[in-house]
Amino acid sequence: TAQEILKHFEEVSRLGQAGQMNQAVFEKKMTWLVYMMGALVGGHASAKVSPASRADTDAAPTHVVNGELAGRIFRLVTVTDGQAVPSEGLELAYLYFLEQFRKVYIGEHAKQVVQQQVSERLATVLGLEDENAVLGLLINKIGNNLQQRFSLESVVKKTLALFHELAAGINIVHTSDRSPHLIVSGRLLLKNDMVKYILGNHASPQFGFLTHGLSYGKYRTMYYHTLGKLLFMDIRENKDAFEKFMEPQGHILNTLWQQSCQNPALLRQESCKGPLIGLCRDLRGIGLACASCEPYQMLFDWLVDNPKNPAASRVTLFSRALDVWWDDPEVTTPLLKFMSEFVYNKAQRISFDQSSPNGILLFREASTILITYGTRILQRTQFKDLYVEKYKGIGVSLDMFSHALHGNYTNFGVFELYSDSSLSKSMALALQMCLAIPLQELNAYLKALKPYYYFLELATRGHMSKVMELEPLMLTTLLQSIEEGLLSFETGVSMQCCAAVDNVISYFHIQAHNKSQNRTTPEQERVRRFLTEAPQCLQKILHLMFQLVMTGEFSSTWSISRPLLGLVLLHEQYFMQLKEQLVMSQIEERRAKLRGYFDDLMSGVENNLSTKNKDHFTRNLYNFAQVVRTLS
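Residues numbered from 1 in each chain as written. Predicted model: local features only at pLDDT ≥ 70, side-chain atom pairs only at ≥ 80, totals over all residues. Heavy atoms only, no water.

(A) Layout of helix 31 (residues 588–601). Between the first and last C-alpha of helix 31 there are 21 Å, a value that for 14 residues agrees with the 20 Å anticipated at 1.5 Å per step. Of all the residues in helix 31, the buried ones are R591, L594, Y597, F598 and L601. Buried residues along helix 31 cover an arc of 130 degrees about the axis, so they all sit on one side. Those residues of helix 31 that are exposed and angled more than 90 degrees off the buried face are E589, A592 and D600. Buried residues along helix 31 sit against helix 28 (535–551), helix 30 (572–584) and helix 32 (611–628). (Helix = DSSP H or I, 4+ residues; strand = E, 2+ residues; numbered from the N terminus. Expected span 1.5 Å × (residues − 1). Buried < 20%, exposed > 50% of the residue type's maximum accessible area, 1.4 Å probe, protein only. Arc of directions from axis to C-beta. Contact = heavy atoms within 4.5 Å.)

(B) Just the packing of helix 1 (residues 2–17) against helix 4 (residues 62–81), in detail. Where helix 1 meets helix 4, the closest approach of the two axes is 11 Å, and the angle between their N-to-C directions is 20 degrees. Judged by the angle between their axes, helix 1 and helix 4 are roughly parallel. The handedness of the crossing between helix 1 and helix 4 is left-handed. The segment helix 1 lies against helix 4, with A2, L6, F9 and E10 engaging V65, E68, L69, R72 and L76. The residue inventory of the contact of helix 1 with helix 4, partitioned by class, reads 6 nonpolar, no polar and 3 charged. (Axes fitted to C-alpha atoms, helices over the stretch in contact; angles between N-to-C directions. Parallel < 35°, antiparallel > 145°, perpendicular 65-115°, else oblique. Left-handed = near helix turned anticlockwise from the far one by under 90°. Nonpolar A, V, L, I, M, F, W, Y, C, P; charged D, E, K, R; others polar.)

(C) Main features of the side chain of N345. In this structure, N345 sits in the loop between helix 17 (329–342) and helix 18 (358–379). Owing to a relative accessible area of 9%, N345 belongs among the buried residues under this scheme. Engagement of the side chain of N345 in a polar contact is seen with the backbone nitrogen of I350, the distance being 2.8 Å. Sequence-distant contacts of N345, defined by excluding residues within four places in its chain, comprise I350, G407 and Y409. (Polar contact = N/O pair within 3.5 Å; in protein donor to acceptor, adjacent residues only side chain to side chain.)

(D) Highlighting the nonpolar core. With 195 residues, the main nonpolar core has F318 and F455 as its most contacted residues. When near neighbours in sequence (up to four residues on either side) are disregarded, F318 contacts L253, L279, C280, L283, L303, L335, F338 and I369. (Core = buried A, V, L, I, M, F, W, Y, C linked by side-chain atoms within 4.5 Å.)

(E) Quick peek at a nonpolar patch on the surface. On the surface, a nonpolar cluster with roughly 370 Å² of combined accessible area is contributed by W32, Y35, M36 and Y96. By residue number, the principal contributor to the nonpolar patch is helix 2 (residues 23–46), which donates 3 residues. Within the secondary structure, Y96 sits in helix 5 (residues 88–114). (Patch = residues over 30% accessible without salt bridge, like charges linked within 9 Å, V, L, I, M, F, W, Y side chains within 5 Å. Areas by Shrake-Rupley, 256 points an atom, 1.4 Å probe, with all protein chains shown as cover. Salt bridge = Lys/Arg side-chain N within 4 Å of Asp/Glu carboxyl O.)

(F) Quick look at empty space enclosed by the protein. Per the stated rule, a full pass over the model turns up 3 cavities of 30 Å³ or more. Quantified by volume, the largest cavity comes out at close to 60 Å³. The wall of the largest cavity is formed by L431, L456, T460, V467, L475, L478, L479, I482 and V504. Of all the secondary-structure elements, those providing two or more residues to the lining of the largest cavity are helix 23 (446–462) and helix 25 (472–485). Looking at the lining of the largest cavity element by element, the count peaks at 4 residues for helix 25. (1 Å grid on protein atoms, 1.4 Å probe; cavity = no way out; pocket = protein on both sides within 12 Å on 5 of 7 lines; lining within 4 Å. Points joined across faces, edges and corners; volume = space filled by probe spheres on them.)

As structure tokens, this is what we get:
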């Protein structure tokens, strides 16, 4: 097959260079052939051919065939890269081929690293010195695309994806003695001259896609995510090298920050908009690459450059910018997404000293951002595009605030102790943002508004006293949205709703049984008032949960059992009525059976929410769910 494809390739190439074929036809034919060659290389990577069968067929070794195919492609790339007008189809075909070639190449390179003596290497077939030179061919194409092919968005997107794969790829390679070896392809990249050049000149005007337009913003994030991975692999904890890399962003940050210090309104100029958006996109990419404590600490120190006086730190630029640009989603979305990444404690990367106030500073900055944006967006009534201008921003804001709440780097008790209102204000505002989303809109824009449910789970888990400050009608609205979320096809959403109901019910039980003092606390009074004014709200959730269990529509019996026990104990009278109603809905001969199943469900269950009692109820519910389904 390879020989046949090569024959066609040579023929089309000859006719094209001799001018005997129309350029458009030449490009179409070449595109098809390059895809076929990519598929052949990819097929070789996944095929497992035994040495014996290969000897029988007299076929050339796989790496020789791959080298032949790759050699033709790289020569063609050299020719077409010199053309002023690129062919989008052909460029995408090249990237497909390079992606397939990457998979093979990493394996080939690994064998060289692990097992030095191999008779014929891929590099030899290509007429190159070593495997690093092979990698150079891939990187040169990536660099060339970012410099010259940036007018084709699909090419930029796939080029950056290939670059990211090369930088982030970790391959387990088995050598001939079957021993596995871990190869981090990012380390191979750091030896390459083109990569060194890109890392040293990452913000150069040569990389035209960086300044091609606001619609290319997301590609900046991917570009800096990849470069950040390579940078942190290379410099480790070298702060000076990090500062040097960040110089172009530092220059923009300082310029904008100085303007905001003179008069924040100056940031509203059109000349500031592009640099501000670019800065947020770039910093988010760097933030995504901070996978451990050391890189994150360098980024934090770079932004919070005056921790003794946080108000005079450069990080305050973002809340000031949001204050003047709050109504423009082209600015607010990247800015909020960057802050969401900055406060996100993934893989426990945010680890401050015990004596450090940085955790509180970080939370307060997130709180300021939320209040700045939330206050204004809730006052706005006119929208051209409800999703872009309102719900997307609310979704990212709640995501950011959830990351800050769940970061585990802030002692929230400190705020109340020292009369700092940033937690109570931001919590109240986040709840108001949730209430500002009608239920039908929540379902319509669930992809953007998933953080709504994540936030409610966190708010009910650690800040129930703040949630209970809402009027019963408002709390009922939130619980109705949680009830709707239980029916969601998104497993994550339905699990978060179960957890939120469990948090609410556990809090109610604690308040109901907290009789250590003679007087009633404000928290107990709020719970009593809610249960008196809106008892049907939780009863409906209890009814729905039983329906989900009995029909087998809920994926996790364990998750639904935790809140269900609390609901049954809280509304015992209603549970009895519901049981009777469900029994009577069955035909005569099944009623006694179902009544028996309900008795078994509550067998040995005590009137408390201890872990032991919950586990016992979970086992009972699992058995109940199994036998109930045999009735129908």
